[in-house]
Amino acid sequence: MFRGHRHRIRIFFALSDVVLVALAFQIAYLTRERLELAHNFFLTSPVRGLLTGWSMLIWVGLGYWWEIYDHIDSAHPRVILRDAFRQCLVGATSVILLEYLQRLDLSRAFVALLAIWSWVVLCLFRLNGGRILRTMRREFGAAHYVMVVGLGEAAKKIGRQIEDSAAYGFRLTGFLAESNGGPLPREVDLEGTYPVRSLTDLPDILRQHIIDEIIFAVDSRRLAELEEVFLLCDEEGVRTRVAVDFFPHVNSQVYLDRLGASPLLTFSATPHDEVRLLVKRVSDIVLAIVALVVLFPVMLVVALLIRLTSPGPAIFRQERCGLNGRRFVFYKFRSMCENAEEMRDSLEHLSERETAFKIPNDPRLTGIGRWLRKFSIDEWPQLWNVLRGDMSLVGPRPALPEEVEQYKRWQRRRLRMRPGLTCLWAVCGRDTVDFETWMKLDMQYIDGWSLALDWKIILRTIPQVLSGRGAH
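Bear in mind the structure is a predicted one, so any value in this text is a computation, not a measurement.

Considering the overall build of the chain
Next up, step 1: Along the backbone of the chain there are 15 helices and 12 strands.
Next up, step 2: The C-alpha atoms of the chain give 29 Å as radius of gyration, which overshoots the globular expectation for 472 residues (23 Å, by more than 25%).
Next up, step 3: Reported as C-alpha extents along the three principal axes, the dimensions of the chain are approximately 90 × 75 × 40 Å.
Next up, step 4: Expressed as a percentage of its 472 residues, the buried residues of the chain come to 44%.
Next up, step 5: Carbon and sulfur atoms provide 58% of the accessible area of the chain, an area that totals close to 26000 Å².
Next up, step 6: Once the 60 positive and 54 negative side-chain charges of the chain are each reduced to a mean point, those two points are 6 Å apart.

Structural data, given as structure tokens:
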């Protein structure tokens, strides 16, 4: 379905969770109140309000985090039961955490009842979510009638997608095409059979039938010839859309932007939402400042140990490629001997990666450097790069200029995202990941980027680094 309709469904299920969690909280409270246990149970109104609001916030937050609301109406019952169980288990755990933070005196039986009752009411609602949505559309929502301009494979593909969205109220009413001097086919056969009308009949069709919008799925060279048709739809107030899958931008998101008064059809193969990117940048700054303040005493000790155990500076500086190929100075704790860069040519044949230089059990590592590498402590100075804006906490690792020169064309797209301290490769094996897989994981991150994905990677990176797994 259209993204806007999917967004409204997400909001519907999120609001339903707010109501259902509040209901489950009340049922759990009344149930615990009537249980004859060793201790009496009572919560004041302010505490009940705090716990109810907290529960609503956490349950809905988890629903968006795990993208539960995206598929409730079409998910298998087993998936619905599993997602609700995870949501309620983590939600109940967060209530216990709040109890410790606020020094509340909660009954464990109440928390268990809250988890159980919330799971029951969520499952009862979600298992019938698709049926509820269909009933609401049938009783309270009007059908949305769509026509498609074109008879080619692209037009038929759009037609099939509209058919697939019939449960959400969309109705395909037919196809429009130009005769070009020859006879038009009478109908198009998909799952259903739809009439084909000439574009010259469009004014009469709009007067005699209910048409909510028209989708143009024609060759891009034909669009200029359809100017009068677009003008007619505009004057009639009919929404029009243009299918742009005939452009060869397989990885791009397509959206309309403006430069002054000039409309621009924009293709972006990397994240472009300025608001979410701003939130990402603000999060980077805040977390980098906090981490630098907390880790500063330890970093001083590490720097001192490096200076005492091997000759050379404590901080290693190197030029790397950042956002869109911008060069910047990259900082690390020195983990190798002072002349490591001069020894690189003689060790090139030992590299286990085809482009990025990586040697298992690198002989240039110092004793303390091997330990720093194992737990990624050598990367801590890059928090300064994050603060400066050269890097982000999460993103593709910054590459050396000579490595970038060897990239294949598709690999260069990783330069279009600000480089980071960690990314998907770090939680999928770290140094054990081969170069090709590493690049593909970076592309997977770029194509699926979201703020939630960043936090998932950060939270998964912490235990990975603390365990030292996958580091050479």
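Past the structure itself, the notes keep going.
A short note on the sheet that holds strand S3 (residues 187–189)
Next up, step 1: The 6 strands are arranged S3-S4-S2-S1-S5-S6 in an open sheet whose pairing can be described as mixed. Every other strand in the sheet has two partners, leaving S3 and strand S6 (239–242) as the edge strands with one partner each. Geometrically, the sheet is characterised by an average inter-axis angle of 30° between neighbouring strands, direction not taken into account.
Next up, step 2: In the sheet, strand S1 (residues 144–149) pairs with strand S5 (residues 213–216) via 4 bridges, with the strands oriented parallel. Considered in S5, the bridge of Met-147 is made with Ile-214.

Details of the pairing of strand S8 (residues 262–268)
Next up, step 1: As paired elements, strand S7 (residues 253–259) and S8 share 7 bridges and run antiparallel to each other. Each bridged residue has a counterpart across the sheet, and for Leu-259 the counterpart in S8 is Ser-262.
Next up, step 2: Adjacent in sequence and paired antiparallel, S7 and S8 are bridged by 2 residues, among which Gly-260 carries a positive phi angle near 65°.

Description of the side chain of Thr-270
Next up, step 1: Within the secondary structure, Thr-270 is located in the loop between S8 and helix H9 (274–309).
Next up, step 2: In this structure Thr-270 touches Arg-413, Arg-416 and Ile-446, once residues within four positions along its chain are discounted.

Brief notes about helix H6 (residues 153–164)
Next up, step 1: Between its first and last C-alpha, H6 extends 16 Å over 12 residues, near the 16 Å set by a 1.5 Å rise per residue.
Next up, step 2: Residues of H6 that are buried make contact with S1, strand S2 (170–177), strand S4 (193–198) and S5.

Considerations on the nonpolar core
Next up, step 1: Counting residues in each nonpolar core, the largest one holds 51 residues, and the members touching the most others are Leu-51, Val-148, Ile-162 and Phe-175.
Next up, step 2: Taken together, the elements giving at least two residues each to this core come down to helix H1 (3–34), helix H2 (45–65), helix H3 (77–102), helix H4 (108–126), S1, H6, S2 and S4.
Next up, step 3: Contact partners of Val-148, with chain neighbours within four places excluded, come to Ala-155, Ile-158, Ile-162, Leu-172, Gly-174, Phe-175, Leu-176, Ile-215 and Ala-217.
Next up, step 4: Residues Leu-393, Leu-424, Phe-435 and Leu-441 belong to the second largest nonpolar core, which totals 41 residues.

Quick look at the pattern of salt bridges
Next up, step 1: Summed over all chains, the structure comprises 23 salt bridges.
Next up, step 2: Here Asp-70 ties to Arg-10 by a salt bridge, and the two come within 2.4 Å at their closest N and O atoms. Here Arg-10 lies in helix H1 and Asp-70 lies in the loop between H2 and H3, a separation of 60 residues in the sequence.
Next up, step 3: On the basis of relative accessible area, Asp-70 is assigned to the partly exposed category, the value being 25%.
Next up, step 4: Its salt-bridge partner being Glu-33, residue Arg-34 comes within 3.8 Å of it at the nearest N-O pair.
Next up, step 5: Judged by relative accessible area, Glu-33 falls into the partly exposed class, the value being 38%.
Next up, step 6: Here the salt bridges do not stand alone but share partners, grouping Arg-82, Asp-83 and Arg-86 into one network.

A few points about empty space enclosed by the protein
Next up, step 1: Considering all chains together, one arrives at 2 cavities of 30 Å³ or more under this definition.
Next up, step 2: Contributions of two or more residues to the lining of the largest cavity are made by H9, strand S11 (392–394) and helix H15 (451–467).
Next up, step 3: Here the residues of the lining of the largest cavity are counted per class, giving 6 nonpolar, 2 polar and 3 charged.
Next up, step 4: Of the volumes computed, that of the second largest cavity is approximately 40 Å³.
Next up, step 5: Every residue lining the second largest cavity is listed: Cys-321, Gly-322, Pro-396, Arg-397, Pro-398, Ala-399, Arg-414, Leu-415, Met-417 and Pro-419.
Next up, step 6: Residue composition of the lining of the second largest cavity, grouped by class: 7 nonpolar, 1 polar and 2 charged.

How each quantity is defined
- Residues numbered from 1 in each chain as written.
- Predicted model: local features only at pLDDT ≥ 70, side-chain atom pairs only at ≥ 80, totals over all residues.
- Heavy atoms only, no water.
- Helix = DSSP H or I, 4+ residues; strand = E, 2+ residues; numbered from the N terminus.
- Rg over C-alpha atoms; globule rule 2.2 N^0.38 Å.
- Buried < 20%, exposed > 50% of the residue type's maximum accessible area, 1.4 Å probe, protein only.
- Areas by Shrake-Rupley, 256 points an atom, 1.4 Å probe, with all protein chains shown as cover.
- Lys, Arg positive; Asp, Glu negative; His and termini not counted.
- Charge placed at Lys NZ, Arg CZ, Asp CG, Glu CD.
- Pairing = 2+ DSSP bridges.
- Axes fitted to C-alpha atoms, helices over the stretch in contact; angles between N-to-C directions.
- Contact = heavy atoms within 4.5 Å.
- Expected span 1.5 Å × (residues − 1).
- Core = buried A, V, L, I, M, F, W, Y, C linked by side-chain atoms within 4.5 Å.
- Salt bridge = Lys/Arg side-chain N within 4 Å of Asp/Glu carboxyl O.
- 1 Å grid on protein atoms, 1.4 Å probe; cavity = no way out; pocket = protein on both sides within 12 Å on 5 of 7 lines; lining within 4 Å.
- Points joined across faces, edges and corners; volume = space filled by probe spheres on them.
- Nonpolar A, V, L, I, M, F, W, Y, C, P; charged D, E, K, R; others polar.

All quantities given are derived from atomic positions and should not be read as evidence of function.
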